[in-house]
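One-letter residues, chain by chain:
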Amino acid sequence: MNDITRMNQEFGIHSHINFFRGPDNLIMIRMNNDHGNLSLSLQGAQVLEYNPSGQKKVLWLSQKSNYQQGKPIRGGIPICWPWFGDHPDNTSLPAHGFARTSQWTVSDSHGNKDETILRLALTDNQQTRTLWPYSFSLELEVCLNHQLSLKLTTRNTGTSNLAITEALHSYFAVGDIDQTAVTGLEDQSYFDKVDDLKNKNQTGEIHVKGETDRVYINTDKTTRISDTANRRNISISKSGSLSTVIWNPGKEKAQAMSDFEGSGYKHMLCLETSNALTNKVTIAPGTEHQMGCVIRSDSLSQT
Ligand code: TA6
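Since we're looking at a predicted model, the values are computed, not measured. Every residue gets a number counted from 1 within its own chain, in the order that chain's sequence is written. Local features in a predicted model are, by the rule used here, given only for residues with pLDDT of at least 70; side-chain atom pairs are given and counted only at 80 or more, and totals for whole chains, interfaces and linings are based on all residues. Only hydrogens and water are removed before side-chain values are computed, so all heavy atoms of the structure are retained for them.

S.K.: Help me understand the sheet that holds strand β22 (residues 288-299), please; the structure alone is not making it clear to me.
M.R.: DSSP calls a pair of strands paired once it identifies at least 2 bridges connecting them. Numbering of helices and strands runs from the N terminus, with a helix taken as a DSSP run of H or I at least four residues long and a strand as a DSSP run of E at least two residues long. If you trace the 8 strands from one edge of the open sheet to the other, you get β6-β7-β8-β9-β22-β18-β17-β13, paired in antiparallel fashion. For this open sheet the edge positions go to β6 (105-111) and β13 (180-183), each flanked by a neighbour on one side alone. Ignoring strand direction, the axes of neighbouring strands in this sheet form an average angle of 15°. Two elements, β6 and strand β7 (residues 116-123), share 6 bridges in a ladder whose sense is antiparallel. From the neighbouring strand, Ser109 faces β7, where its bridge partner is Leu118. Note on method: axes are straight lines fitted to C-alpha atoms, helices fitted across the in-contact stretch only, with angles between N-to-C directions ranging 0 to 180 degrees.

Written as structure tokens, this is what we have:
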């Protein structure tokens, strides 16, 4: 019996959760119910698409993305773990850690017309220990109902403290970046990665003008993307997260990336639920830490 047949027998739920093979034999998952549908790759436990019923797609996914075993997929919600950005001591290690390129397993599934839940897991193995010499178990819970909820739980199964930085690196689809604003980070302190990591304060709402790469720190605030061109707002509330990252590569950087389609930068904005830079998280042996976000799209006529 092949993996897909076994997974569908054990975790598939008719009309709500289905496993199938995607490009390069990647195992893909589709979740459905009355509120909409999702697709994910089992590699990286990465949500790729989120389509609420009656709404435009909420996540951006590059049409030039790699779909190859062990390579990051550009778009959706990559999981950056156990470090965000470059490894603090060894930049030869993969950027954003190894969770997003690892093969996860399915641990649980539930589904009906109102709510569909999938739990995916990653535990330390010989490969992860060569990159990061610690014991851990990582779980992602994905819940689709009238909104999309993600919970990333890190359990320290070892005997020494774990020190992690992390992100749910969400790529949101916007109709036009020039008609888009982010609210909820007014007066917050941030590190500006396109200006020598200078520490600055946010004045008013955020408008992206060219390459933008900011780590807002010490904030647990709910944020909102005003996607005017699509006549909707996308709200992102969070828990267990003190950093919010805002990223758009701008035209030049985007066109220099082979997996980023030419004009893609005009139609995406990363707003990342995270614990980054000075918001590092320390997890004692035998304890756990959970970071979560809830994503909702509301058309302007509803607000
Ligand atoms: O979250 C923003 C960021 O750290 C940017 O600096 C940029 O590197 C982006 O992530 C994408 O990283 P990736 O490794 O997926 O190309």
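S.K.: I'm lost on the pairing of strand β2 (residues 27-33) in this one. Help?
M.R.: Sheet faces and side chains relate simply in a regular strand, where the side chains alternate between the two faces. The buried count for β2 comes to 5 of 7 residues, which makes it a mostly enclosed element. Between the end of strand β1 (residues 17-21) and the start of β2, which pair antiparallel, lie 5 residues, with Asp24 showing a positive phi angle near 50°. The sheet contact formed by β2 and strand β3 (residues 36-41) spans 6 bridges and is antiparallel. The residue of β3 that forms the bridge with Ile29 is Leu40. Here the term buried applies to any residue with accessible area under 20% of the maximum for its type, exposed to any over 50%, and partly exposed to those in between, with areas from a 1.4 Å probe on protein chains only.

S.K.: Just checking my understanding: could you explain the packing of aromatic side chains for this structure?
M.R.: Two measures describe an aromatic ring pair: the distance that separates the ring centres and the angle between the ring planes. Centres within 6.5 Å are what make two rings of Phe, Tyr or Trp a pair, Trp counting through its six-membered ring; a difference in plane orientation under 30 degrees is then read as stacked, over 60 as edge-to-face, and the rest as tilted. Scanning all chains against the criterion turns up 13 aromatic pairs. Note on Tyr171 and Trp247: the rings are 6.1 Å apart at their centroids and 85° apart in plane angle, and the pair reads as edge-to-face. With Tyr171 in strand β12 (residues 171-173) and Trp247 in strand β19 (residues 243-248), this pair connects stretches of sequence that are 76 residues apart. Through pairs of rings, three or more aromatic residues link up here, namely Trp81, Trp83, Phe98, Trp132, Tyr134 and Phe136.

S.K.: Can you walk me through the site of the ligand in this structure?
M.R.: A single heavy atom is enough: if one lies within 4 Å of a molecule or strand, its residue is considered near that molecule or strand. Residues in contact with the ligand, as listed here, are Arg74, Phe84, His96, Arg100, His169, Lys193, Asp213, Val245, Trp247 and Glu272. Between an oxygen atom of the ligand and a side-chain N or O atom of Arg100, the distance comes to 2.9 Å. Lys, Arg, Asp and Glu make up the charged group, whereas Ala, Val, Leu, Ile, Met, Phe, Trp, Tyr, Cys and Pro make up the nonpolar group; the residues left over, Gly among them, are polar. Taken together, the residues that form the shell around the ligand break down as 3 nonpolar, 2 polar and 5 charged. Whenever two N or O atoms come within 3.5 Å, that pair is a polar contact, provided that in protein one can donate a hydrogen and the other can accept it, and provided that, for residues adjacent in sequence, both atoms are side-chain atoms.

S.K.: Please clarify how the pairing of β22 should be interpreted in this entry.
M.R.: Pairing of strand β9 (residues 148-156) with β22 involves 8 bridges; the strand directions are antiparallel. Along β22, the bridge assignment pairs Leu152 with Met291. Inspection of the sheet shows strand β18 (residues 232-239) paired to β22 by 8 bridges, in the antiparallel sense. Bridge pairing in β22 places Asn233 opposite Asp298.

S.K.: Mind showing me how you'd approach the environment of Asp24 here?
M.R.: The topology assignment puts Asp24 in the loop between β1 and β2. Residue class for Asp24 comes out partly exposed when judged on its relative accessible area of 42%. Of the polar contacts made by the side chain of Asp24, one reaches the backbone nitrogen of Gln69; its length is 2.8 Å.

S.K.: In this structure, what is going on with unusual backbone geometry? I would like to understand it.
M.R.: With the exception of glycine, most residues fall at negative phi, and the peptide bonds are largely trans. The peptide bond linking Trp81 to Pro82 adopts the cis configuration, its omega dihedral lying at 5°. By secondary structure assignment, the location of Pro82 is in the loop between β5 (79-80) and β6. Its identity is not glycine, yet Ala45 carries a phi of approximately 50°, on the positive side. Within the secondary structure, Ala45 sits in the loop between β3 and β4 (46-52). Its identity is not glycine, yet Asp196 carries a phi of approximately 55°, on the positive side. On the secondary structure map, Asp196 appears in the loop between β14 (189-192) and β15 (198-201). In this structure Asp196 comes out as exposed when scored by relative accessible area, which is 70%.

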